[in-house]
Amino acid sequence: MSLRIRNERGDTLVEVLIAMAIISLVLVGAYVTSNRNAATLQATQEREQAQRVVEAQLELLRNSGTITSGNCFDPISGSQTSGAGCDIKSSTTNSGATYKLSITGPVGGVYTVMARWTSLNSNTDLDSSVTMYYRLK
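A brief report on the enclosed structure follows.

## Some points on the nonpolar core
Okay, so step 1: Formed by 17 residues in total, the largest nonpolar core has its most connected members in Ala50, Val54, Leu58, Leu101, Trp117 and Val130.
Okay, so step 2: Looking at this core, the element that brings in the most residues is helix 1 (residues 13-64), giving 5 residues.

Laid out in structure tokens, this is it:
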């Protein structure tokens, strides 16, 4: 003969629902944090790549000594290009963004080099930019 203890109870439906709600909140919080970190990482990579593109233009400007305002340097040929040649496509960058370059000047001996791009995490057009200046000696 076996004796059964009547005090044994399972989890009630309310306890299970509360446990599921707590687990859901933790998982949603982890998902939101992960997405925010991924977006921040993407934005940082895009800005770093834009700085590299602008610095490359500045180096070519330093080496050539002069450039016509509104034009850019083609990094492959080293010659001046204008219009569509001022776009650095995503195939040449690691971030996936397309960078639109503009070089203006010299105004008072200072060139302004700007890279603008649309972040891959945004729907707006050309929402980010990096600007650097170069003074001729």
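## Side note on the packing of aromatic side chains
Okay, so step 1: In the structure shown here, the tally under the stated rule is 1 aromatic pair.
Okay, so step 2: Ring centres of Tyr99 and Trp117 lie 5.5 Å apart, and the angle between their planes is 55°; on these two criteria the pair is classed as tilted. Residue Tyr99 is located in strand 4 (residues 99-107), and its partner Trp117 is located in strand 5 (residues 110-117); the two are separated by 18 residues in the primary sequence. Summarising the burial analysis for this pair, Tyr99 and Trp117 share the class buried.

## Observations concerning a nonpolar patch on the surface
Okay, so step 1: The grouping of Leu13, Val16, Leu17 and Met20 at the surface amounts to a nonpolar patch, some 400 Å² of accessible area in total.
Okay, so step 2: For Leu17, a relative accessible area of 49% gives the class partly exposed.

How each quantity is defined
Residues numbered from 1 in each chain as written. Predicted model: local features only at pLDDT ≥ 70, side-chain atom pairs only at ≥ 80, totals over all residues. Heavy atoms only, no water. Core = buried A, V, L, I, M, F, W, Y, C linked by side-chain atoms within 4.5 Å. Buried < 20%, exposed > 50% of the residue type's maximum accessible area, 1.4 Å probe, protein only. Helix = DSSP H or I, 4+ residues; strand = E, 2+ residues; numbered from the N terminus. Phe/Tyr/Trp six-rings, centres within 6.5 Å; stacked < 30°, edge-to-face > 60°. Patch = residues over 30% accessible without salt bridge, like charges linked within 9 Å, V, L, I, M, F, W, Y side chains within 5 Å. Areas by Shrake-Rupley, 256 points an atom, 1.4 Å probe, with all protein chains shown as cover. Salt bridge = Lys/Arg side-chain N within 4 Å of Asp/Glu carboxyl O.

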